[in-house]
Structure formats: C-alpha cells, structure tokens
Amino acid sequence: MTDDSPLIYDINDLLYIMSKLRDPKSGCPWDIEQTFKTIAPYTIEEAYEVDEAIRDNDMPALKDELGDLLFQTVFHGQMAKEAGHFTFHDIVQNISDKMVRRHPHVFGNGTIKDADAQTHAWEQQKAKERKEKAKASGTVPSALDGVSIALPATLRAVKLQKRAARVGFDWPETLQVLDKLKEETEELVEAASKANNQDHIEEEFGDLMFVMCNLARHLKIDPEEALRSANAKFTRRFKGVESELQKLDKTPEQSSLEEMDDLWNKVKEREKSN
C-alpha cells in the first residue's frame, strides 16, 4: 500500500471521528458546543437535501447527502452517549428490533399477500405499540398518538386526518369536503373583511388550509408535493418574466405590475405551446 492510497472507513471509524470532534480537550470548538436542540435544524435540513438529490436523480449527490444524514444520527448518538441516555449501538438495536417485530412475514411465520396487506398489518402493529406505550405511561390512548408535531404542517394535517379516518371520523364523499371548503372560505372572507382581529383571521386561514389538506387526501394528492410543484412553476415563470424584462433592459423594480402581468401571461402561453 502506498502513502497516497485512499483510506477505507467503516461505521466504527465514523463513530470514532465523531467522538474526537466532541472531545472536550482536543475536539472542534463548534462541535463541542452543540446540543440536541441546536443540531436538530441541521438534521431536518439534511433530510430535505436527501429528498432534493432524489428528485434531481443525482446519485453522486444522493451518496453525499445520505452520508450527511447518517452523520446527523451519529452526532445525536454521541451526545446521548455523553449524557448517559443511550448509544449509537442502542439506536441500531432499537431499529433492528422494530423492523423484525413489524415484519413477521419476513422474519417469522406470518404471511402477507401483497403490499396493501403489509401496509394494513404495519399500521395495526404500530397502533398496538402506541396503545402499549400509552398504558405504560398511564395515559388514555388516542388514535392521534405518535403524530409528530415537528412534521411539516401539511404532512401532519394529512397524517392526523388519516388516523381519524381509520376510526370512522371522515367524510365519505369528496363533495362533502368541497362543501366544507366553501364554508371555511366564507368564514375567512368574513373574518378578513372585519380586519380587526388578526388572531381570528389566522385561525380561519388555518382551518381553510386544514380542509385543503383533507381535500388533497380525498383526491389522493400529496399537498406538500403539490405545493412544491406550484413553487417550482412560480419560480420558473417569474424567472421567465425577469428574462423578458432583461431583453428590454429593465428590472422588475423598474416595471409596473401590469407590464409584468402581461409578460407572465406571455411566458405562461409559451410554456403551454411547448
């Protein structure tokens, strides 16, 4: 082996690297001062970057981003070990136990005929685990237990609605959801027209968004994905407006709303014809 041969690392090396970064005497000052709370936003950010690499079908980027996400797990594991809560190996043990327990058709004698049946069995097992957890803590079990408050709001709304639907609390017809959407829209218009209670306006807006998520669920649409697509479309078209203005040696700040709206429609029609 020559001196310039690449080093080959495994998970134990990564754990060692993390422990060195957090060493109180010789570690990195930034890594040493971090806590679960300060690292959490980075963990979320890395998960979104994994998602972005997948959407772009960029495998080199995905490899890189998955490494960053794994490092976040190692980081949390090291901090937990230092505080005496648990170790990275406990994390591995826990997730391994869970996967084996929730897949008896793979690791036991159970049988599953298709993916839909597996989804149903998975949810049943999770519900059983939630009930056992509630019983152990002395609380009344709820169909909504375990839906994280840290999820993006639209994703959490859909999960809450799905949980409620499993126990029969749901509109059976999409038209009923549309009626509710109309009702909530009218309530928001009424609240906004008074314009004297911002908290009430925000509440009504939240109700409207919640019903929109419910409508998306009934239409089998992912509201987060739909909004991402809308964001991408807006970004693409607005940049098209900026490009058209640049041909006129102008910027948006130097243009009127009417002019930009005309250019927006031009860009929109051009997209439709391609």
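Everything here concerns the structure above.
This write-up is about the structure you can find in this document. (Residues numbered from 1 in each chain as written. Predicted model: local features only at pLDDT ≥ 70, side-chain atom pairs only at ≥ 80, totals over all residues. Heavy atoms only, no water.)

**Let's talk about the packing of aromatic side chains**
And then number 1: One pass over the full model with this rule turns up four aromatic pairs.
And then number 2: Between Trp30 and Tyr42, the ring centres sit 5.7 Å apart and the planes meet at 85 degrees, which makes this aromatic pair edge-to-face. Taken together, the positions of Trp30 in helix 2 (residues 29–33) and Tyr42 in helix 3 (residues 36–55) put the pair 12 residues apart, joining distant regions of the chain.
And then number 3: By relative accessible area, which is 37% here, Trp30 ends up partly exposed.
And then number 4: Between Phe234 and Phe238, the ring centres sit 5.9 Å apart and the planes meet at 15 degrees, which makes this aromatic pair stacked. One end of the pair, Phe234, and the other, Phe238, are both in helix 11 (residues 223–247), four residues apart, so they sit about a helical turn from each other.
And then number 5: Look at Phe234 and you get partly exposed, because its relative accessible area is 48%.
And then number 6: Aromatic rings pair up to connect Phe234, Phe238 and Trp264 into one cluster. (Phe/Tyr/Trp six-rings, centres within 6.5 Å; stacked < 30°, edge-to-face > 60°. Helix = DSSP H or I, 4+ residues; strand = E, 2+ residues; numbered from the N terminus. Buried < 20%, exposed > 50% of the residue type's maximum accessible area, 1.4 Å probe, protein only.)

**Regarding helix 4 (residues 59–83)**
And then number 1: For helix 4, which comprises 25 residues, the first-to-last C-alpha distance of 36 Å matches the rise-based estimate of 36 Å (1.5 Å per residue) to within 8%.
And then number 2: Among the residues of helix 4, Leu62, Glu65, Gln72, Val74, Phe75, His76, Gly77, Gln78, Met79 and Ala80 are the ones counted as buried.
And then number 3: Measuring from the side-chain oxygen of the N-cap residue of helix 4 to the backbone nitrogen of Ala61 gives 3.1 Å; that N-cap residue is Asp58.
And then number 4: Positive backbone phi, approximately 80 degrees, marks Gly84, located one or two places after helix 4. (Expected span 1.5 Å × (residues − 1). Polar contact = N/O pair within 3.5 Å; in protein donor to acceptor, adjacent residues only side chain to side chain.)

**A few points about the environment of Cys28**
And then number 1: Structurally, the position occupied by Cys28 is in the loop between helix 1 (11–21) and helix 2.
And then number 2: Distance from Cys28 to Lys268, taken between C-alpha atoms, is 51 Å for residues 240 residues apart in sequence.

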